[in-house]
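Structural overview for review
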Amino acid sequence: MKKFLISKTPFIRSVDLGSMSTTRMMYDYLVAFISFIMFGFVINGLIPYINGEITQVYYLIKPFINVLVGILCSVTFEAIYILIFKKVKGFRALITETHYSFGFMVGLVISLLLPVRVPLYIIIIGCFIGNICLKMIFGGLGKNIFNPALLAYAILFVVFNKIIVNSMNEQVLILSNTLNITATQAPVPAMRELMLKLGNLSFTSSSLIRQFGSLFNLFVGFKGGNLGEVSGFLCVLAYIYLVIRKSINWRVPIFYVATVFVISYAAAIINKMNGTLYGIWFPVFNLLSGSILFGAVFLATDYVTTPKTPNGKIIYAILLGIVTSFIRLLIGFDGVCISIILVSLLTPVIDLIASKIRGPIINSKVIIYYVLISFVFLIISAYIVYQTTNLSFFNKIFKN
Amino acid sequence: MFLKVHGIKLHGKKRLSIKNPIENALNPSVVYFPLESNGVLYKKVVEIGTRVLMGQPILYREDRYAHPVCSSVSGTVSDIKKMLHSNGKVVEMLEITNDFKEETYYSTCSNIDLSRDEIVNKVKNAGIVGLGGAGFPTYVKYLPKQSANLIIINAAECEPYITCDFVSILENADKLIRGLKYIMKANGAKQGVIAIKKAKVEAVELLTEKLKSEKHIKLFLLKDKYPVGWEKHIVERVTKKTYAALPREIGVIVNNVQTAICVCEAVEENKPLIEKVITVSGEGIKEPKNLRIKIGTKFSTLLERCGGYIDNLEEAYVIAGGPLSGKSMPNDDFIITSNLNNVVVLLKSPTVITLNCIGCGKCAEICPVKLTPTLIKKAYDSNKISTIEALNTMKCVRCGLCSYICPSRVDVSETVGLAKDLLVTSKDVKLDQKK
């Protein structure tokens, strides 16, 4: 033998055995997203085109164009950044570096978060903000503080609010005509309108759900919304796929969705909503409208900005559910994106606490910590549920 | 509180050597004994040129864990040379040239009905150290006057490729059981347990057969997962209790299979620790084997017994120890010390791309002591000792699973080990300052 290799322990790695790698995890996301893109194409392009609601071929293939533009822009921006700021030797090294930066994720998520009919320049600006300002400047893959796609989306939403809301409404109208439903708004704005009108959450299922046909419509995805986040069914499928592939942690989506469900169910009961089981339709509607399921599976499980400890992940998910419920039930906005951004600010704190109370020995101190945390969560949730009976205070603040 | 350990099922690769019975490789021409091993100094009690017999004490450990080290061959002390220790350091070693006469320093005794102290003394004088890997002097575990409740023989052998304990059980089951009885007697323990993996069917069957007549010795079956062989885990599984530092706190003593066999030989035959069984395995070896060797043998002389490296091998890892916790050697002329159980020759893995940590948390999930390796790494990289301490880094058992599972191929366990060392040294500095 000519050469004795020196390396660090351990000498066998799961990566080398081919079972799991960062690259595979990233491409698993891509695979899961493909079904969303296809569904978005069918619901936003194909069906309206067949029904004659849209006549231009451009709008037929707009979903694909959005995604492609997003991915291409992201990768190009990152490649340019690497070319300028990192000393790479040769074209090959540039390609490898760009590939292992996984820039496509940002552009893909941004294009899926935006409505289909949004102008392309918004996606390009979003990719620039996300990839360059929020990811590469912080040091690239794994070093960013915020989820780049999410914060970029939030910035876009504020800056180009009119354009994004208008294109969303346009799309909802087209969809309503196609599917013969009366909705003129996406589910969450529709709920917000009712909240503003009534001053509390005591609306009936007929006033809210009739607009969209049925809960089943919402579950399958026959509703207006953003390109990627319309189908609850696909979200569940993607969750199962990603968990089986061990690409995401099972905890965050489950606890997040469960928290939102419990709080909105409590709100339904306290507001005496009609329907079976004291208005179980409301929490279901709450989960299926807007981007909660999409956010739970794809955004809240982002590796970089969520806690690393398993128990920290649970704390994070519950907190996320509480913040989302607060925004959703008391203010009436979708709230998923902004709550993920807000709670990811707390990630280092949650991680520190969680890793301290996570040990091989469970003693009274640890139990006290857990009890304390659950108590705080319980109090906040109870407050949110209580406030849903009288929204006048929040309405005053957020009325236009 | 009893806690489930998040182990992982590894591809054992034990098939390479598991069917091969122990082969003797007991005739090295020279043997070497380190004068310093893992920071412990040994004082030599023989001069260069003296003739020593097999089993004669040649080195002496002088600190509070005093014990002799015995020559494994008969011959002359020929030199002091700098040689490569199996821990990867080059240290001074005593060289003994074998004269192949096999004259023994010790004589077999007929009286084996010994008192407690006599057994402990015999174990001490035989220079027996833990053969599982730590190399801690065995008799020290028996010293406390207080009786132990339970003796556990650790036969888990959970790292891939290693089969030496398994074949030792098959070959020396009687000696193992007798050794366990002596250890029980030396500690006044009423109960003995042999903890073995479920998957080792043949050994389990053999031991069940042998233990039929034994009332006080039981077999305990472990899952086929890594790291079930970790001392704390075994104690927790068997006793459902936990402890802080040493199992002695809850009246338990854990010994390795080969240690127990050595104790038996020391008590019955007065034979000191001069031989042990090691596994030479891995994809880079032509004929993986279990060899009985003299302690102090150079690894390169054993290579021929195993047919050498496979043909056309350009580069490979030669690992002293298991693939998860061992050390890669810069050449194959290293000395097999008493705490080395196996040598694995692994081929180079095809992918060596290391990406940034993306914080997926898989290392935190798999950690058997529930640490968060990625956070410790972050704290170490930014040199925050207080954070390292707050993250319970001292509990790390260096199993290597965090690096194993890392999808980005980050060397997490290496960094956590460094962080632990940093913590230990910083604590020592603090103590010195106080003094």
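For clarity, every value in this text was computed on a predicted model and none was experimentally measured.

Moving on, we get to the overall build of chain A. Each helix and strand counted, chain A has 21 helices and one strand in total. Taking 400 residues into account, the globule formula puts the C-alpha radius of gyration at 21 Å, and chain A, at 22 Å, falls close to it. With the principal axes as the frame, chain A shows a C-alpha extent of 80 × 65 × 35 Å. Buried positions account for 49% of the 400 residues belonging to chain A.

Per the secondary structure count, chain B includes 13 helices and 18 strands. The C-alpha radius of gyration computed for chain B amounts to 22 Å, which stays within 12% of the reference 22 Å derived for 435 residues, consistent with globular compactness. Judged by the C-alpha coordinates and their principal axes, chain B covers about 65 × 55 × 50 Å. Looking at chain B as a whole, 50% of its 435 residues qualify as buried. Taking the intrachain contacts of chain B between residues at least 6 apart in sequence as the baseline, contacts between residues at least 24 apart amount to 71%.

All names here are of chain A. Looking at the element boundaries, methionine 136 is found in helix α6 (residues 120-136). On a C-alpha basis, the gap between methionine 136 and tyrosine 81 in space is 7.5 Å, while along the polypeptide they are 55 residues apart. Sequence-distant contacts of methionine 136, defined by excluding residues within four places in its chain, comprise Glu78, Tyr81 and Asn131.

Let's shift gears to the domain arrangement of chain B. Residues and elements named next belong to chain B. Split into domains, chain B comes out as domain 1 (108-269) and domain 2 (362-434). For domain 1 versus domain 2, the separation of C-alpha centres amounts to 31 Å. Listed as interface residues are four residues of domain 1 and, on the opposing side, four residues of domain 2. When grouped by side-chain class, the residues that make up the side of domain 1 that touches domain 2 number three nonpolar, one polar and no charged.

A separate point is the interface of chain A and chain B. Each partner contributes residues to the interface: chain A has 40 residues there, and chain B has 54 residues. When residues of the side of chain A that touches chain B are traced back to their parent elements, those giving at least two are β1 (3-4), α1 (22-51), α17 (310-331) and α19 (347-357) of chain A. Top element by residues in the side of chain A that touches chain B is α19(A). It accounts for three residues. In terms of residue class, the side of chain A that touches chain B is built from 18 nonpolar, eleven polar and eleven charged. Pairing between β1(A) and strand β16 (residues 315-320) of chain B: two bridges, direction parallel. Directly across from Lys3(A), in β16(B), lies its bridge partner Glu315(B).

A few words on the pairing of strand β7 (residues 67-70) of chain B. The two faces of the sheet receive side chains in turn, since in a regular strand these alternate between them. All names here are of chain B. As defined by bridge partners, strand β6 (residues 57-61) adjoins β7 across four bridges and the pair is classed as antiparallel. In the strand pairing of β7, tyrosine 60 is matched with proline 68. Linking β6 back to β7 in an antiparallel pair, the connection comprises five residues.

Within an α-helix, residues lying three or four positions from one another point in the same direction, as the helix has 3.6 residues per turn. Taking 1.5 Å as the rise per residue, α17(A) with 22 residues should run 32 Å; its terminal C-alpha atoms sit 31 Å apart, in good agreement. Judged by how many residues are buried, α17(A) sits mostly within the fold: 18 of 22 residues are covered.

Below, the discussion takes up the sheet that holds strand β10 (residues 150-155) of chain B. Residue and element names in this part refer to chain B. Judged by pairing direction, the sheet is parallel, and its four strands sit side by side in the order β12-β11-β10-β13 without closing on themselves. Looking at the sheet topology across the chains shown, the edges are occupied by β12 (217-222) and β13 (252-256). Between one strand and the next, the sheet's axes are offset by a mean angle of 25°, whatever the strand orientation. Taken together, the six bridges between strand β11 (residues 191-197) and β12 define a ladder with parallel strand orientation. In the strand pairing of β12, lysine 197 is matched with leucine 222. Seen against the sheet, helix α4 (residues 164-187) touches β10, β11, β12 and β13 and runs at an angle of roughly 165° to β10.

Residues and elements named next belong to chain A. Compared with the 16 Å implied by 1.5 Å per residue over twelve residues, the 16 Å span of helix α7 (residues 148-159) between its first and last C-alpha is a close match. Listed as buried for α7 are Pro148, Ala149, Leu150, Leu151, Ala152, Tyr153 and Leu156. In the core, the buried residues of α7 are packed alongside α5 (104-113), α6, α8 (161-179), α16 (292-299) and α18 (336-345).

Below, the discussion takes up the sheet that holds strand β3 (residues 36-37) of chain B. All names here are of chain B. Pairing within the open sheet is antiparallel, and its four strands lie in the order β3-β4-β6-β7. Of all the strands in the sheet, just β3 and β7 have a single pairing partner and so form its edges. Sheet topology places strand β4 (residues 40-44) next to β6; three bridges connect them, and they run antiparallel. Bridge pairing links tyrosine 42 to arginine 61 in β6.

Right, let's get into the pairing of strand β8 (residues 75-84) of chain B. Residues and elements named next belong to chain B. Where strand β5 (residues 51-52) lies against β8, two bridges are found, and the strand directions are antiparallel. Residue pairing for β8: valine 52 is matched across the bridge by glycine 75. In this sheet, strand β9 (residues 90-98) lies alongside β8 in antiparallel orientation, the contact comprising nine bridges. Bridged to methionine 83 within β9 is valine 91. The antiparallel pairing of β8 with β9 creates a hairpin that spans five residues between the two strands, and glycine 88 there sits at a positive phi of about 95°.

Rules used in this analysis
Residues numbered from 1 in each chain as written. Chains lettered and ligands numbered in written order. Predicted model: local features only at pLDDT ≥ 70, side-chain atom pairs only at ≥ 80, totals over all residues. Helix = DSSP H or I, 4+ residues; strand = E, 2+ residues; numbered from the N terminus. Rg over C-alpha atoms; globule rule 2.2 N^0.38 Å. Buried ≥ 20, exposed ≤ 12 C-beta atoms within 10 Å, placed from the backbone. Contact = placed C-beta atoms within 7 Å. Domains from an automatic or database assignment. Nonpolar A, V, L, I, M, F, W, Y, C, P; charged D, E, K, R; others polar. Pairing = 2+ DSSP bridges. Expected span 1.5 Å × (residues − 1). Axes fitted to C-alpha atoms, helices over the stretch in contact; angles between N-to-C directions.

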